[in-house]
Amino acid sequence: MDGEISTDEVHDLLEDDADVCIVDIRDEQAFEHSHIPGSENIPFYELTSRVDELEDADHIVTVCPHGKSSVQAAQLIGSYEGTADARVESMAGGLDKYGMKFGLVREDGDDAESATRESPF
């Protein structure tokens, strides 16, 4: 793991269309409720069996509700041989901080997406 990254830095990376893989480690239901646009859902309990999906990524940012569990996820991903060359970071403050500042995308039945400034909980 390469440390933590701020919500502002994550937002800037996404605004600049940087080559970054945002990994949301919450369960599927929480992810469907709201998430960072363009993020990928790999629940923490599935991470060890799905970490190989991240092998081609150069920059990985893990996210969770408050920025605590994502540190563990980043450490796990960083210890995997297939991601040894990737920059792996945890987003400090979590989705709660990101959502209140920049908004999150909600998925509803008709695939319409709307960014709202709210806590993901």
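Only a predicted model underlies this, so the values are computations on that prediction, with no experimental measurement involved. (Residues numbered from 1 in each chain as written. Predicted model: local features only at pLDDT ≥ 70, side-chain atom pairs only at ≥ 80, totals over all residues. Heavy atoms only, no water.)

Just give me the short version of helix H5 (residues 94-102), but keep the residues and values in it.
Inspection of H5 places Gly94, Leu95, Tyr98 and Gly99 among the buried residues, and these make up the whole buried set. The arc that holds every buried residue of H5, seen down its axis, measures 130°, which confines them to one face. Positive phi appears at Gly103, one or two residues downstream of H5, with a value of about 90°. (Buried < 20%, exposed > 50% of the residue type's maximum accessible area, 1.4 Å probe, protein only. Helix = DSSP H or I, 4+ residues; strand = E, 2+ residues; numbered from the N terminus. Arc of directions from axis to C-beta.)

Could you give an account of unusual backbone geometry, with specific residues and numbers?
One non-glycine residue, Asp17, adopts positive backbone phi at about 55°. As for its placement among the helices and strands, Asp17 is situated in the loop between helix H1 (7-15) and strand S2 (21-24).

Any details on the nonpolar core? Residues and values, ideally.
Counting 15 residues, the largest nonpolar core has Cys21, Val23, Leu54, Ile60, Ile77 and Val88 as its most contacted members. Take this core: its biggest share by element is 3 residues, from helix H4 (residues 69-79). If near-sequence neighbours (up to four positions away) are discounted, Ile77 is found in contact with Leu47, Val51, Leu54, Ile60, Thr62, Thr83 and Val88. Counting residues in each nonpolar core, the second largest holds 11 residues, with Ile36, Val61, Val63 and Tyr98 among its members. (Core = buried A, V, L, I, M, F, W, Y, C linked by side-chain atoms within 4.5 Å. Contact = heavy atoms within 4.5 Å.)

All quantities given are derived from atomic positions and should not be read as evidence of function.
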